[in-house]
Amino acid sequence: MRRYIALLGFILTLSGQFNLLLAVKDKNCVKLLDELGDAQSKFIYCATTKSVPVNLCEGCVDLYRNLARDYGKLIANATCSKQYLNLDRINIVATTEGILTSLWQKANCENCFRDNFWNLYDQISIQLRTCLESTSPDLVCFHCKNDYVALNDFYLSMEKKVGGNVCFDLQDNMNRTRLNWSKTLKCCQREVKLTNFLIAVGVVVLLPIFTFYITAIVVTLRRESNHGLLNEQEPGLDAPSTSTLITAAVLSTPVEDPAVISARMEKVADLLSGAGTHLLDESMDEEPALRKKVCISPESDYSSDDEPLVLPKPKRA
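Residues numbered from 1 in each chain as written. Predicted model: local features only at pLDDT ≥ 70, side-chain atom pairs only at ≥ 80, totals over all residues. Heavy atoms only, no water.

### Points about the state of the cysteines
Thought 1: Summed over all chains, the structure comprises six disulfides.
Thought 2: Between C141 and C187 runs a disulfide, and the two sulfur atoms are separated by 1.8 Å. Residues C141 and C187 share a disulfide whose torsion about the S-S bond is about -70 degrees; that sign makes it left-handed. Placement of the pair is C141 in helix α7 (residues 140-143) and C187 in the loop between α9 (168-184) and α10 (194-233), with a sequence separation of 46 residues.
Thought 3: Numbered in order of appearance, the disulfide-bonded cysteines of the protein are paired 1-5, 2-4, 3-6, 7-11, 8-10, 9-12.
Thought 4: Free cysteine C188: the closest other cysteine sulfur is in C187, separated by 7.0 Å. (Disulfide = S-S within 2.5 Å. Helix = DSSP H or I, 4+ residues; strand = E, 2+ residues; numbered from the N terminus.)

Written out as structure tokens, the structure is:
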């Protein structure tokens, strides 16, 4: 009996120690979660207050580092990770951390601290700012031009090195600097060269005219060459016109005497009269046969209403 009592007491002692250990671990997880929440809230406040002008990367870098460190501690603890992560579809702890990390990455903040970009850019920017503040507005474009060009060239070289993914703090600063230089100070007015303008206008105005005349000359020369080739192949194309031939024929015809013309006409009349008499004699010889063909026999059915057939009488000469 005493053995059982001693064993039971030992078991109770072990369970109490185990529960105490679990309580310590739970307090440790709660502490890690509190630290993570505090770091997240501070980073959110910093990002919100430094949004205009954008100073997220350089102004909130320490808070983001603390945020990433506290989240790493939480997920490194297996008990805490099992207790707070992947328990539901929302997964608030991991989702919140993902949103803040995405904001940092979207702003390309890590490129601000690459190759000492931020410090070099800040030095040139301070030089330009000092020049703008110490120079009168009438001379600022002339005296501060070199500082502006140097800052712009450095930004372009930095943009090339990072493949266009420049830290958004520097992007916003450079955009505001360019806007101030060109729009506010009006230092980017382009000088229009009158010579180039006149040359461009002359080309635009005269080119169609030259094109037209050159085309007309080429077409005319081609037609003349084709016409000459046809004249060589067909000499008849150079012959005089019909009206010219008729006029020449009329003018070259000799004029006859009226008496000769009258005698010729009488001969033609005699020939025509002789031919008419000969034809009449032949018609008389054929008259009996014509009567036989056209006369009606007594036996034929002849109606009294019909008019009798009248034969033409032959004419005697």
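### Let's talk about the packing of aromatic side chains
Thought 1: In this structure the tally under the stated criterion is four aromatic pairs.
Thought 2: On the basis of an interplanar angle of 5 degrees and a centroid distance of 4.5 Å, the ring pair of Y148 and W181 is categorised as stacked. A residue pair is termed long-range when its members are at least 10 positions apart, and Y148 in helix α8 (residues 145-161) and W181 in helix α9 qualify at 33 residues. Comparing Y148 with W181, the two get one shared label, buried.
Thought 3: Linked through ring pairs, F43, Y64 and W104 together constitute an aromatic cluster. (Phe/Tyr/Trp six-rings, centres within 6.5 Å; stacked < 30°, edge-to-face > 60°. Buried < 20%, exposed > 50% of the residue type's maximum accessible area, 1.4 Å probe, protein only.)

### Considerations on unusual backbone geometry
Thought 1: Cis geometry is found at the peptide bond from V52 to P53, where omega equals -15 degrees.
Thought 2: Tracing the chain through its elements places P53 in the loop between α1 (2-49) and α2 (56-59).
Thought 3: For N86, which is not a glycine, the phi torsion comes out positive at approximately 55 degrees.
Thought 4: When its relative accessible area of 65% is taken as the criterion, N86 is described as exposed.
Thought 5: One non-glycine residue, K186, lies in positive phi territory at about 55 degrees.
Thought 6: Secondary-structure assignment places K186 in the loop between α9 and α10.
Thought 7: A relative accessible area of 54% places K186 in the exposed class.

### Overview of the UniProt feature "transmembrane region" (unreviewed entry) in the protein
Thought 1: According to UniProt, the positions carrying the feature "transmembrane region" (unreviewed entry) are residues 197-221.
Thought 2: The span residues 197-221 shows a helical share of 100% and a strand share of 0%, and its end C-alpha atoms are spaced 36 Å apart. (UniProt positions renumbered as here; feature names shortened; annotations may be inferred.)

### Side note on α8
Thought 1: Taking 1.5 Å per residue, 17 residues should reach 24 Å; α8 reaches 25 Å between its end C-alpha atoms and fits that length.
Thought 2: Among the residues of α8, Y148, L151, N152, F154, Y155 and M158 are the ones counted as buried. Buried residues along α8 cover an arc of 160 degrees about the axis, so they all sit on one side. Exposed residues pointing more than 90 degrees away from the buried face of α8 are listed as N146, K160 and K161.
Thought 3: Where the residues of α8 are buried, they touch α6 (117-134) and α9.
Thought 4: Just downstream of α8 lies G163, where phi reads positive at about 65 degrees. (Expected span 1.5 Å × (residues − 1). Arc of directions from axis to C-beta. Contact = heavy atoms within 4.5 Å.)

### A short note on the nonpolar core
Thought 1: Counting 45 residues, the largest nonpolar core has F43 and L56 as its most contacted members.
Thought 2: Of all the elements in the fold, those that place two or more residues in this core are α1, α2, α3 (61-76), α4 (78-84), α5 (92-106), α6, α8 and α9.
Thought 3: It is α1 that contributes the most residues to this core, seven residues altogether.
Thought 4: Both of domain 1 (20-107) and domain 2 (117-184) provide at least three residues apiece to this core. (Core = buried A, V, L, I, M, F, W, Y, C linked by side-chain atoms within 4.5 Å. Domains from an automatic or database assignment.)

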